[in-house]
Each structure stands twice: as C-alpha cells, then as structure tokens.
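Analysis of the macromolecular model
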Amino acid sequence: MSDKGYTWLNLPKYTKDYTEGVDLFVKIAIAKFADGNEIQCPCDKCENRFWRSPGTVRDHLICHGPCVTFVEWIYDVTSLKDSNIMDPELDTELDTGFQDNFDEMLNVM
C-alpha cells in the first residue's frame, strides 16, 4: 500500500487501479488481521460488522465500495502519518503511532 496508498478509494470501481488497490488491501488485511481465513469486511453493506472470506471481501468492495467510516478512518490515519505529530519510533506494525503501555499501567497500581 505504500506506493499507491489508499488512492484507489477515490477511483471509479470499474477501473484497473481500483481493483488492484482492493486486491492489495485484501492481501495485507489477511496477513495482519485474519481470524482463520476471514477478515472483517469494510464494504458499505457490511461496515466491518461481518467476517468474510477474502474473495467475498474483494467482491463486496468492488460491488458496494468501502463504507464511509472506513474511508474516514483511513484518511484520519493517513493524515496523522503525513504530519509530524507522531514519533515514528512509537509506531506499531500497523503504523498508527498508538502504543500499548499495559505493563506501565500495571506498575502504577
């Protein structure tokens, strides 16, 4: 996703670049977020409420497009990454800048 980012979200669903963006998104989502062989479907119909197979997620994103909250979240995260607000040293594998301080919280008690 680093080369094209999420620019595919703004493209017409019938374009080759949109389809390639969906394919890359599904591939990355499976690698990072799969539960068995399913991921949450961010299409406008499912709105991340349902776990679906990679093929179904791909079909849903091409037929229905992504849900508005998914698009808003992606752009919020992207704008944070593009700004100097976040320290890259704190980024997790999701590259969001959020870090779990669970051990530190336990020591406070």
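Just so you know, these numbers come straight off a predicted model, no measurement behind them.

Before going further, it helps to examine helix H1 (residues 16-33). Its 18 residues place the ends of H1 25 Å apart at the C-alpha level, agreeing with the 26 Å of an ideal helix rising 1.5 Å per residue. Every buried residue of H1 is listed here: Tyr 18, Thr 19, Gly 21, Val 22, Phe 25, Val 26 and Ala 29. Around the axis of H1, the buried residues are gathered within 155° of arc, so they sit on the same side. Turned more than 90 degrees away from the buried face of H1, the exposed residues are Lys 16, Lys 27 and Ala 31.

The subject of this paragraph is the side chain of His 60. Mapped onto the elements, His 60 comes out in helix H2 (residues 54-63). Leaving out residues up to four positions away in the same chain, His 60 has contacts with Cys 41, Cys 43, Cys 46, Arg 52 and Gly 65.

Looking now at the packing of H1 against H2. At a minimum axis separation of 10 Å, H1 and H2 run at an interaxial angle of 145°. In the crossing of H1 with H2, the sense of the turn from one axis to the other is right-handed. When H1 is examined against H2, the residues Tyr 18, Thr 19, Val 22, Asp 23, Phe 25, Val 26 and Ile 30 are found in contact with a partner set consisting of Pro 54, Val 57, Arg 58, Leu 61 and Ile 62. Here the residues of the contact of H1 with H2 sort into 9 nonpolar, 1 polar and 2 charged.

Definitions and cut-offs
Residues numbered from 1 in each chain as written. Predicted model: local features only at pLDDT ≥ 70, side-chain atom pairs only at ≥ 80, totals over all residues. Heavy atoms only, no water. Helix = DSSP H or I, 4+ residues; strand = E, 2+ residues; numbered from the N terminus. Expected span 1.5 Å × (residues − 1). Buried < 20%, exposed > 50% of the residue type's maximum accessible area, 1.4 Å probe, protein only. Arc of directions from axis to C-beta. Contact = heavy atoms within 4.5 Å. Axes fitted to C-alpha atoms, helices over the stretch in contact; angles between N-to-C directions. Left-handed = near helix turned anticlockwise from the far one by under 90°. Nonpolar A, V, L, I, M, F, W, Y, C, P; charged D, E, K, R; others polar.

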